[in-house]
Amino acid sequence: MPTFQTPRGTSDILPSDQPYWKLVSSTVESLAQRYGYRRIDTPIFEDTGLFVRGVGQSTDIVEKEMYSFMTKGGDALTLRPEATASFCRAYLQHGMQNLPQPVKLFTVGPFFRHDRPGAGRYRQFHQVNFECIGEADPAVDAEVIQLAWELYATLGLRDLSVLLNSIGCPNCRPAYLDALRQYYAPLVEELCRECQARLERNPLRLLDCKNPTCQALSSKAPRSVDFLCEACADHFSRLGTYLGLLGVPFEVSHRLVRGLDYYTRTVFEVIPPDATSQGTIGGGGRYDGLIEQIGGPATPGIGFASGVERVILNLRNQGIAALPIGKTLLYIAPIGETAREFALPLLKRARQDGIPTVIGLGSRSLKSQLKQASSQQVPFVAIIGEEEIGTNEVTLRDLRTGEQKKISVQLLGPAVREMLAGPGGPQP
Ligand code: HAM
């Protein structure tokens, strides 16, 4: 065992992991461009007060998870545990309220929470963040949720669910919080210690406690949607309609409240099929009071963040390969001139499918082409002879395992991706 290891809850991103990181960041960049989001990078540390006021005094993040320190000059700073408060600080600091609204910003980078490390839970982790600031229309909520959905769909993730709720606004929420306190008051002895402590200060959080007894009690608790004022109810109902029109499937979850204090109205989470073992893949919501909370004018906003490590964990669990960077994956080996004419459109198509591909040149024999592919460490060879031309197929050989199979020319790209995710695994 070496003397020094990565600190608990942190990890090295090794060369063999990089293709996944590149896949996520390039997908985020291209989505951001299509949805009109511009990149911003804020400092890794900020004034501690920003998070205390922005994220909220009674949240797990502020109560237990911040890496806070005093500088030699006496400044109280904190490694950023999330991005939304920093985006809002930057919006105010740079006068972005004078730009055409809404202002749409995104970032990708490291964040820090002194959480108990576990599967998909780290102390230094990475998030992609999208924030749309300056617009209250529920069409914006729908667009942000659609963006989140499209991010995962583009990466190829399957079987995810979107959970949605509205937790109201400062007008209607007090009545709901009272109803929760009244509901829980006679049950207080049955609650876990943390919930007992939270009941007075932040009763919303009792709804997402993971303790089985607390969960059983919260299933019968009053629902926030039954206490919404007219404006919040209208916002929520229009959001549902818009999501339907955009084809984003969702489920209303009455227990969804999220763990940060700044949320108003819309809250949502995207969860993988086995969410209990690794947690939410992404989440967000509206924060119409946050900018005021940190000293600015009343300004609405909504956003979303997803943990990059959790996205990659789910990609791996679902057998989705990220193509290795800078490596040729496919060698097309035509036998003879007719086969070469048959092969050229396949070469073009494989490259268009994003698979780095080369073709055997000159009048090399099959044996010599296989030897060349092998010496260049290309993992797959598509062999094309008379027989394959006759059936409109190629023989796809995995040089790593020696296995081969005939596949239709239309399926060449997907077959290479599938084999890459298979037992041979992606090659660094
Ligand atoms: P959050 O739910 O605290 O929200 O975090 C968003 C995502 O970051 C989570 O769904 C998860 O994928 C990832 N994440 C959080 N903590 C960890 C951890 N310890 N280890 C690994 N991944 C983690 C926010 O941060 C809000 N700022 C989201 C938002 C943006 N709301 C509005 N705009």
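The model shown is predicted, which means the values in this text are computed figures rather than measured ones. (Residues numbered from 1 in each chain as written. Predicted model: local features only at pLDDT ≥ 70, side-chain atom pairs only at ≥ 80, totals over all residues. Heavy atoms only, no water.)

### Here's the deal with the nonpolar core
Here's step 1: Ranked by size, the top nonpolar core spans 47 residues in total, and within it Leu180, Tyr184, Leu204 and Leu207 carry the most contacts.
Here's step 2: Among the elements that line this core, the one with the most residues is helix α4 (residues 84–93), at five residues.
Here's step 3: Residues within four places of Tyr184 in sequence aside, it is in contact with Leu191, Leu199, Leu206, Leu207, Leu217, Ser218 and Ala221.
Here's step 4: In this structure, Phe106, Leu147, Ile281 and Ile302 belong to the second largest nonpolar core, which totals 44 residues. (Core = buried A, V, L, I, M, F, W, Y, C linked by side-chain atoms within 4.5 Å. Buried < 20%, exposed > 50% of the residue type's maximum accessible area, 1.4 Å probe, protein only. Helix = DSSP H or I, 4+ residues; strand = E, 2+ residues; numbered from the N terminus. Contact = heavy atoms within 4.5 Å.)

### Observations regarding helix α6 (residues 173–184)
Here's step 1: Taking 1.5 Å as the rise per residue, α6 with twelve residues should run 16 Å; its terminal C-alpha atoms sit 16 Å apart, in good agreement.
Here's step 2: All of the buried residues in α6 are Arg173, Tyr176, Leu177, Ala179, Leu180 and Tyr184. Looking down the long axis of α6, one finds its buried residues gathered within 160° of arc, a one-sided arrangement.
Here's step 3: Close packing links the buried residues of α6 with α7 (193–201), α8 (212–218) and β9 (264–271). (Expected span 1.5 Å × (residues − 1). Arc of directions from axis to C-beta.)

### As for the sheet that holds strand β15 (residues 393–398)
Here's step 1: Sheet architecture is open: five strands sit in the order β13-β12-β14-β15-β16, paired in mixed fashion. Each having just a single partner strand, β13 (357–359) and β16 (404–408) make up the two edges of the open sheet. Shown here is a sheet whose adjacent strand axes are inclined to one another by a mean of 25°, direction ignored.
Here's step 2: The sheet contact formed by β15 and β16 spans five bridges and is antiparallel. Counterpart to Arg397 in the pairing with β16 is Gln404. (Pairing = 2+ DSSP bridges. Axes fitted to C-alpha atoms, helices over the stretch in contact; angles between N-to-C directions.)

### Some remarks on the packing of aromatic side chains
Each aromatic ring pair is characterised by the separation of its centres together with the angle its planes make.
Here's step 1: For the structure shown, the criterion picks out ten aromatic pairs.
Here's step 2: Aromatic side chains Tyr152 and Phe304 sit 6.3 Å apart centroid to centroid with 80° between the ring planes, which places their arrangement in the edge-to-face category. Linking Tyr152 in helix α5 (residues 138–155) with Phe304 in strand β11 (residues 301–307), this pair joins segments that are 152 residues apart in sequence.
Here's step 3: On the basis of relative accessible area, Tyr152 is assigned to the buried category, the value being 1%.
Here's step 4: Among the residues examined, Phe304 registers a relative accessible area of 1% and is labelled buried. (Phe/Tyr/Trp six-rings, centres within 6.5 Å; stacked < 30°, edge-to-face > 60°.)

### Concerning the sheet that holds strand β6 (residues 124–133)
Here's step 1: The eight strands lie next to each other as β1-β5-β6-β11-β10-β9-β7-β8, forming an open sheet whose pairing is mixed. Pairing within the sheet leaves two strands with one partner each, and these edge strands are β1 (38–39) and β8 (251–252).
Here's step 2: Bridging between strand β5 (residues 103–112) and β6 involves ten bridges; their strand directions are antiparallel. Counterpart to Val103 in the pairing with β6 is Ile133.

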